[in-house]
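Survey of secondary and tertiary structure
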Amino acid sequence: MSRRVDFESLQNADRLTIRVLGDIDLYSVATLKQEVTALLEDTRAEAMHIVVDLEIVESIDSSGMALLANMERRLKEEGRGFSIANVNRRVSDTLRIAGLARLLPVI
């Protein structure tokens, strides 16, 4: 079962901000991954730093955390920067407990 999660993107010079508009979990991660992967491919030449804005995200599960960790690794391999922004306390606690808070740069 797949659930749609929307996002907005804004490119400003060499920075691409992806604002996720819903929870990142097992039911939404496949759709989000597919759409974000296409966006990253389309902006490969222009966007050298990717920011994932989690302000609207109320919860994230292990599949969502894996998506963020894989994005960070992939972008690093491509020589691009990655960070997350506007992380609420609940998501921040989840990332901390999973050990990802120190691996994912937060701005």
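Before reading further, recall that the structure is shown in the block above.
1. A few points about empty space enclosed by the protein
Scanning all chains against the criterion turns up one cavity of 30 Å³ or more. Computed from the structure, the largest cavity encloses a volume of approximately 50 Å³. Contributing to the lining of the largest cavity are I18, V20, L32, V36, V52, L67, L68 and M71. Among the elements of the structure, strand 2 (15-21), helix 1 (29-42) and helix 2 (62-77) are those that each provide at least two residues to the lining of the largest cavity. The greatest single-element share of the lining of the largest cavity, amounting to three residues, is contributed by helix 2.

2. Digging into the sheet that holds strand 3 (residues 49-53)
Pairing in this open sheet of four strands is mixed, and the strands run 1-2-3-4 from one edge to the other. Each edge of the sheet is formed by a strand with only one pairing partner; in this case those strands are strand 1 (6-12) and strand 4 (81-85). If you compare each strand with its neighbour and ignore which way they point, the axes differ by 20° on average. Relative to the sheet, helix 2 contacts strand 3 and strand 4, its axis offset from that of strand 4 by approximately 150°.

3. Let's talk about the pairing of strand 1
Note that strand 1 and strand 2 share seven bridges and pair antiparallel. Looking at strand 2, one finds that N12 is bridged to R15. As consecutive antiparallel partners, strand 1 and strand 2 are separated by two residues, and within that stretch A13 has a phi angle of approximately 55°, a positive value.

4. What about the layout of surface pockets?
Within this model, the largest pocket holds a volume of roughly 150 Å³. If you go around the largest pocket, the residues you meet are V29, K33, V36, T37, L40, S63, L67, N70, M71 and R74. At the level of elements, helix 1 and helix 2 are the ones that each hand at least two residues to the lining of the largest pocket. In terms of residue class, the lining of the largest pocket is built from five nonpolar, three polar and two charged.

5. Section: the packing of helix 1 against helix 2
The contact between helix 1 and helix 2 brings their axes to 10 Å, and the two run at 15°. Here helix 2 runs roughly parallel to helix 1, going by the angle between their axes. Seen from above, helix 1 lies across helix 2 with right-handed handedness. For the pair helix 1 and helix 2, contact is made by V29, L32, K33, V36, T37, L40 and E41 and by S63, G64, L67, M71, R74 and L75, respectively. Across the contact of helix 1 with helix 2, the residue classes tally to seven nonpolar, three polar and three charged.

Rules behind the numbers
- Residues numbered from 1 in each chain as written.
- Predicted model: local features only at pLDDT ≥ 70, side-chain atom pairs only at ≥ 80, totals over all residues.
- Heavy atoms only, no water.
- 1 Å grid on protein atoms, 1.4 Å probe; cavity = no way out; pocket = protein on both sides within 12 Å on 5 of 7 lines; lining within 4 Å.
- Points joined across faces, edges and corners; volume = space filled by probe spheres on them.
- Helix = DSSP H or I, 4+ residues; strand = E, 2+ residues; numbered from the N terminus.
- Pairing = 2+ DSSP bridges.
- Axes fitted to C-alpha atoms, helices over the stretch in contact; angles between N-to-C directions.
- Contact = heavy atoms within 4.5 Å.
- Nonpolar A, V, L, I, M, F, W, Y, C, P; charged D, E, K, R; others polar.
- Parallel < 35°, antiparallel > 145°, perpendicular 65-115°, else oblique.
- Left-handed = near helix turned anticlockwise from the far one by under 90°.

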